[in-house]
Structure formats: structure tokens, C-alpha cells
Amino acid sequence: MAAIGRFQKDDEIFHAKVVDGELFRLRGDVFGSPSFDKKPTPRKGVKTLVPVAPSKIIAVGVNYLDHAREMNRELPKEPLIWLKAPTSLLPDGGKIEIPFPRHRTDYEAELAMVIGRKIRNVSPTQAPRYIFGYTAAQDISDRTVQKADGQFARAKSFDTFTPLGPFVETMLDPADLSIQQYQNGHLRQNSNTSQLIFKPADIVSFVSTNMTLLPGDVILTGTPSGVGPIQSGDKLEVRIQGLAPLMNTVK
């Protein structure tokens, strides 16, 4: 496989392999051993959805060296994780809605992992075989709520606060990828996944010792330095080397 997307035409939802903009419909279990149609599916009337439907979304905080320095934070000894509501998911091209316009609400560009097999208690050495692939994400955050609550779940789980996609790249080495955030065409975040404190395999291993991960579950690996506020009318774009860009607007 390579780039895999999830699509809808009328009432039908299906996965497909994306090759040069054409869709080759997947037959069978996307997390198993699927086959693909040899002829592309016409794109007319096809809507791009978030690439997976996870049972849960796990986010990791303070996981880039440059971001930790930016906040004057000590480096964590183990991954700092929390859960985000799956109802916060938003597809590529969707509109981010700010629930409280007077609050500070920030963008956060992130590399996301998609789990491909059920996992519980795996080592970092074993973990890569359970990763289905990678995609781009935003971890939109209401800082006013975050500060008031003292924890992250509500501040990061409002509807539309987790843009994800557009596709999952199943053949990608995450070790050394540029990661960038553009806001209205201006570069705001510019880093590299080599800055990750805890690497993807370490994160998967750690999370699996605390909860069972299921196929389709999503883990956001953290954001680099340069986090900043958004407002109505903004155009946001996450560009990660080797992935299709994730583009969203702010309502």
C-alpha cells in the first residue's frame, strides 16, 4: 500500500489507494490484506473524509526539543499523554469553528500515527510493526479553557479541533521529516521530526502499557515551536515531508 484515504459518495463510505490524484477502491479490510481495483473510481461526487474512524485519539505534549526550550520546560521523563474526543475530528478542507471567540485559540501542527493492529504491552522494538502509517494533523487548543481547567481534554476536544488527513501514508520513515505550519501563507512553525524527544515507537510502546490500542486509533506526536493564535478567516496548512498537505480554514 501507499497513500490510503477514506471517501464518501452518496451514502457509501469506502477506502481507496491514492495514486497521482486517482482513487483505486480498496476491497477487504484496510487493516488486513486488502486488494485494490485496477481501474480508478471517478472523482465526481466523491467527498474526502478523515482517513480513519478511531475509537480514541491520544495526544502527546512537550515532545519537541525546540518547543520545550520555547516554553522553558524541563524535558519530560516519559511521554505526557491525554485523550481527545473522536468527535473533534475534521477532514482536509473542513472549517475549524472557534466556540469562544474571546478566548485565545492556537494552531499546533503535528505528525500523527495511525495504529494498524490491536496492541497491549509492546516494546519499542516491536512497536513499528503495529503502526499502519502516518498523516498530518492539527491539535487546535483553547488556551483559556486549558488554563482554567488545569488539564487538556476539554480545551482540545471541541468539535473541529482535530483536523486530520487527507491520507495515511503507509510507507514513510518518520525519523527525519520537515514539519511546517503556514497561516495565511506565512510560515509559523518550521522544524523536523528529528527534534522529537520520544520517537514514534517509544510513544506507541508507552501508550500500549497504559491502554489497549485498536486498529484505526490515532496518536498525535506533539508540536514544534512557533505555536500561535488563530482567528476567523485564517487559512491554515500543515506541510510534512512525504505527506499530502492538510489545509483548513477558520470559520
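Scroll up for the structure.
Now for a description of the structure that goes with this document.

Thresholds applied
- Residues numbered from 1 in each chain as written.
- Predicted model: local features only at pLDDT ≥ 70, side-chain atom pairs only at ≥ 80, totals over all residues.
- Heavy atoms only, no water.
- Helix = DSSP H or I, 4+ residues; strand = E, 2+ residues; numbered from the N terminus.
- Polar contact = N/O pair within 3.5 Å; in protein donor to acceptor, adjacent residues only side chain to side chain.
- Contact = heavy atoms within 4.5 Å.
- Buried < 20%, exposed > 50% of the residue type's maximum accessible area, 1.4 Å probe, protein only.
- Pairing = 2+ DSSP bridges.

**Things to note about the side chain of Asp-139**
Along the polypeptide, Asp-139 turns up in the loop between β12 (131-138) and β13 (141-142). Of the polar contacts made by the side chain of Asp-139, one reaches the side chain of Lys-156; its length is 2.8 Å. Contact partners of Asp-139, with chain neighbours within four places excluded, come to Trp-82, Lys-84, Asp-106, Glu-108, Glu-110, Lys-156, Phe-161 and Leu-220.

**Here's the deal with the pairing of strand β1 (residues 3-9)**
Of all 7 residues in β1, 5 are buried; the element is thus mostly enclosed. Sheet analysis places β1 next to strand β14 (residues 162-169), joined by 2 bridges and oriented antiparallel. Bridge assignment links Ala-3 to a residue of β14, and that residue is Glu-169. With 6 bridges joining them, β1 and strand β2 (residues 12-19) adopt antiparallel strand pairing. Opposite Arg-6, over in β2, you have His-15 as the bridge partner. From the end of β1 to the start of β2, which pair antiparallel, there are 2 residues, and Asp-10 there has a positive phi angle of about 55°.

**Describing the pairing of strand β15 (residues 178-183)**
By the criterion of burial, β15 is predominantly enclosed, with 5 of the 6 residues buried. Pairing geometry for β15 and strand β16 (residues 186-192), over 6 bridges, is antiparallel. Bridged to Gln-183 within β16 is His-186. In this antiparallel pair of consecutive strands, β15 and β16, the connection spans 2 residues, and Asn-184 shows a positive phi of 55°.

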